[in-house]
Amino acid sequence: MNLLLTGGTVFLDGRFENLDVAVSDGRIVSVSPSSPKEGFSVIELHNRCLVPGFVDVHVHLREPGFSYKETIASGTAAAAAGGYTAVCAMPNLKPVPDCPENLQPQLKAIERTACVRVYPYGAVTRGEQGGALSDMAGLAPRVVGFSDDGRGVQSEAMMRDAMVLARKLDRPIVAHCEDESLLAKGWCVHDGAFAHARGLPGNDPASEWRQVERDIQLVRETGCRYHVCHISTKESVALVRAAKAEGLPVTCETGPHYLLLCDEDLLDEGRFRMNPPIRSTADRDALVEGLLDGTVDCVATDHAPHSAEEKAGGLRGSLNGIVGLECAFPVLYTNLVETGVIPFETLLNALCVNPRRIFGLPGGTIEAGQIADLTVLDLNRPHVIDSGAFRSLGRSTPFDGWGVSAAVALTLCGGEIVYHDLQNPEEVTL
């Protein structure tokens, strides 16, 4: 498909310019102040923003093994609607992708049904059980990194061995940090004022940051590239900041819910139950500061769909996990950028640029020769987040009912339109 995107502002080298972008055969062929329209289908952007497609380095697509929660088809449709052209899929599956044979069902489903790029993770340990390393060497050519997401690797020796091997294979360890010895039985929220006032078992922040601290020491020993999943505590931010200052190959992500909510905002509903939990105001503020100063590299949704029944038990009785692909950009833009908390460029770097840099993914710049993975943003589209309209099979989000001012208008993956909501038919001449 030959497309000309015209009349928009293009995110280029950290700034916006009024440029036309021409796409052909899945790649950008020109970026210029004006382009001839002959031979191209024209999309009029009307001053909307054209940015590199978003990348989410932490999603759960649930297939194979748990397709009643989500499928690759539904999860990638949700990603496209959220402006994402690439996602990195966690290995909490059945079978767990801990060897090439167990990875094959996922790869086949991706090839058959994905509408955006899907990069799988391989497990660090067999079955994500922590007892023995997975076939990391066999998996390495086919995965973007190694993670036992959902559980921290409890054994220091096991994590050291994994890091030594991952460095040889030139793949990052992507760590869910959780020291299970520090967890209260039956925890359901952050161990803070909300938990204490209601007599709920709380999750000690040290269960996260103590394992971050342990792993950073192992990075010093091994030189392994190391990425911390969904950091939620001020101590984790400080540890990652210090590791970066030391020159260690350490990066991290946080989620929209950790940047925008604190435990004062909790309701006794399953859509507020996730792991790690939403924490204190001080933790939230530290994460925002970390995003501003570059300590926090990426914003990732940890999109984790469950069935309605699995999320119907309130804080105590629901499974951990919320969905976020379809509402991440509007809630972040409205509540962080429009309010002046962070610059727009900072948010775009965390969604578009840094994830590709860290994980070696294609794209990320709008220039001739690059893959045409592009997202168009409408910054003047007031609406209300309605989880009932999600393409994801999951509906559980703490942002349901939030009023927002921006939306994704168009998503291109490999030059193909995988989502559009341009509203006016005359804006597209195909």
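Above this text you will find the structure in question.
The structure contained in this document is the topic of the report that follows. (Residues numbered from 1 in each chain as written. Predicted model: local features only at pLDDT ≥ 70, side-chain atom pairs only at ≥ 80, totals over all residues. Heavy atoms only, no water.)

**Thoughts on the sheet that holds strand β6 (residues 54–59)**
Strand pairing in a sheet relies on backbone hydrogen bonds, with the paired strands running either antiparallel or parallel. One open sheet holds the three strands; their spatial order is β6-β7-β8, and the pairing between them is parallel. At either end of the open sheet lies a strand with only one pairing partner, and these are β6 and β8 (117–120). Taken pair by pair, the neighbouring strands of this sheet meet at an average axis angle of 20 degrees, ignoring direction. Inspection of the sheet shows strand β7 (residues 84–89) paired to β8 by four bridges, in the parallel sense. Within the sheet, the bridge partner assigned to Val 87 lies in β8 and is Val 118. (Pairing = 2+ DSSP bridges. Helix = DSSP H or I, 4+ residues; strand = E, 2+ residues; numbered from the N terminus. Axes fitted to C-alpha atoms, helices over the stretch in contact; angles between N-to-C directions.)

**As for helix α2 (residues 100–113)**
For α2, spanning 14 residues, the distance from its first C-alpha to its last is 20 Å, which sits close to the expected 20 Å at 1.5 Å a residue. Here α2 has its buried residues at Pro 100, Leu 103, Gln 106, Ala 109 and Ile 110. At its buried positions, α2 is contacted by α1 (72–81), β7, β8 and α3 (136–139). (Expected span 1.5 Å × (residues − 1). Buried < 20%, exposed > 50% of the residue type's maximum accessible area, 1.4 Å probe, protein only. Contact = heavy atoms within 4.5 Å.)

**With respect to the pattern of salt bridges**
Inspection of the entire model under this criterion finds 21 salt bridges. When the shortest N-O distance is used, the salt bridge between Glu 213 and Arg 210 registers 3.3 Å. Highlighted residues: Glu 213 and Arg 210, both in helix α6 (residues 206–222), separated by three residues, approximately one helical turn. Judged by relative accessible area, which is 33%, Glu 213 ranks as partly exposed. Connected through salt bridges with shared partners, the residues Arg 48, Asp 378, Arg 381 and Asp 421 form a single ionic network. (Salt bridge = Lys/Arg side-chain N within 4 Å of Asp/Glu carboxyl O.)

**Observations regarding the pairing of strand β18 (residues 407–413)**
Extensive coverage of β18 is indicated by the burial of seven of its seven residues. Inspection of the sheet shows strand β15 (residues 374–378) paired to β18 by five bridges, in the antiparallel sense. The partner of Val 376 across the bridge, within β18, is Leu 410. As judged from the four bridges shared by β18 and strand β19 (residues 416–420), these two strands associate in the antiparallel manner. For Cys 413, the partnering residue across the bridge sits in β19 and is Glu 416. The loop that links β18 with its antiparallel partner β19 comprises two residues; one of these, Gly 414, has a positive phi angle of about 60 degrees.

**Regarding the pairing of β7**
With six of six residues buried, β7 lies mostly within the body of the structure. Pairing geometry for β6 and β7, over four bridges, is parallel. In the strand pairing of β7, Phe 54 is matched with Tyr 84. Taking the sense of rotation as the criterion, the β-α-β connection linking β6, α1 and β7 turns out right-handed. Taken together, β7, α2 and β8 form a β-α-β motif whose crossover is right-handed. (Right-handed = clockwise from strand over helix to strand, strands pointing away.)

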